[in-house]
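Chain by chain, the residues run as shown.
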Amino acid sequence: MPFETIEAQPGALRILRHALDTAQLPQAYLFVGPSGVGKQATALALACAAICTEAPGRGCGHCDA
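Predicted model, so just to flag it, every value in this text is computed and none were measured. (Residues numbered from 1 in each chain as written. Predicted model: local features only at pLDDT ≥ 70, side-chain atom pairs only at ≥ 80, totals over all residues. Heavy atoms only, no water.)

## As for the overall build of the protein chain
Applicable threshold: A helix here means a DSSP run of H or I that spans at least four residues, while a strand means a run of E at least two residues long, and both kinds are numbered starting from the N terminus. Each residue's exposure class comes from its accessible area (1.4 Å probe, protein chains only) as a fraction of the maximum for that residue type: buried when under 20%, exposed when over 50%, partly exposed otherwise. Contacts: residue pairs with any heavy atoms within 4.5 Å of one another. For the accessible areas, the method is Shrake-Rupley and the probe is 1.4 Å, while residue cover comes only from the protein chains on display.
Looking only at helices and strands, the protein chain features two helices and zero strands. Each of the three principal axes of the protein chain carries a C-alpha extent, and together these read 30 × 25 × 20 Å. Taken over 65 residues, the protein chain has a buried fraction of 26%. Pairs at least 24 residues apart make up 47% of the contacts formed inside the protein chain by residues separated by at least 6 positions. Summed over all atoms, the accessible surface of the protein chain reaches about 4500 Å², with 56% contributed by carbon and sulfur.

Pasting the structure below:
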């Protein structure tokens, strides 16, 4: 699940992409907010981008990671 699938979260995605680009990903992030705003999708996209072997830092959505 790449970051491009996430909608309406530009501020959060900017922060997460910067952390990935600078290789300064913290040990934990806390995703909070009302139900249905994309917390789980954003967390999954971050995990995918962090461990993707095809497109490191972005996530391809196709590899086993």
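## A look at unusual backbone geometry
A positive phi angle, close to 55°, is found at A23, a residue other than glycine. With respect to the secondary-structure elements, A23 resides in the loop between α1 (10–21) and α2 (39–51).

## As for a nonpolar patch on the surface
Put simply, the rule reads: Without a salt bridge and with relative accessible area above 30%, a residue can belong to a patch; like charges are then joined within 9 Å and nonpolar side chains (Val, Leu, Ile, Met, Phe, Trp, Tyr) within 5 Å. What counts as a salt bridge is simple: a side-chain nitrogen of Lys or Arg found within 4 Å of a carboxyl oxygen of Asp or Glu.
A surface patch of nonpolar side chains, amounting to about 260 Å² of accessible area, comprises I15, L25 and Y29. Tracing the chain through its elements places I15 in helix α1.

## Regarding the state of the cysteines
How we decide: Working definition: a disulfide is two cysteine sulfur atoms within 2.5 Å of each other.
One pass over the structure, following the stated rule, counts zero disulfides. Here C48 stays unpaired: no disulfide links it, and the sulfur of C52, its closest cysteine neighbor, is 5.2 Å away. Looking at C52, it has no disulfide partner, and the nearest cysteine sulfur is the one in C63, 3.5 Å off. In this structure C52 comes out as buried when scored by relative accessible area, which is 5%.

## A short note on the side chain of T42
Following the sequence through the fold, T42 ends up in helix α2. Apart from the residues lying within four places of it in its own chain, the contact partners of T42 are F3, I6, Q9, L13, L16 and F31.

## Examining the packing of aromatic side chains
In plain terms, the rule: Any Phe, Tyr or Trp ring, taking Trp's six-membered ring, that has another such ring centre within 6.5 Å forms a pair; planes under 30 degrees apart are called stacked, those over 60 apart edge-to-face, and the others tilted.
Taken as a whole, this structure holds one aromatic pair when the rule is applied. Between the aromatic rings of Y29 and F31, the centroid separation amounts to 6.3 Å while the plane-to-plane angle is 50°, which identifies the pairing as tilted.

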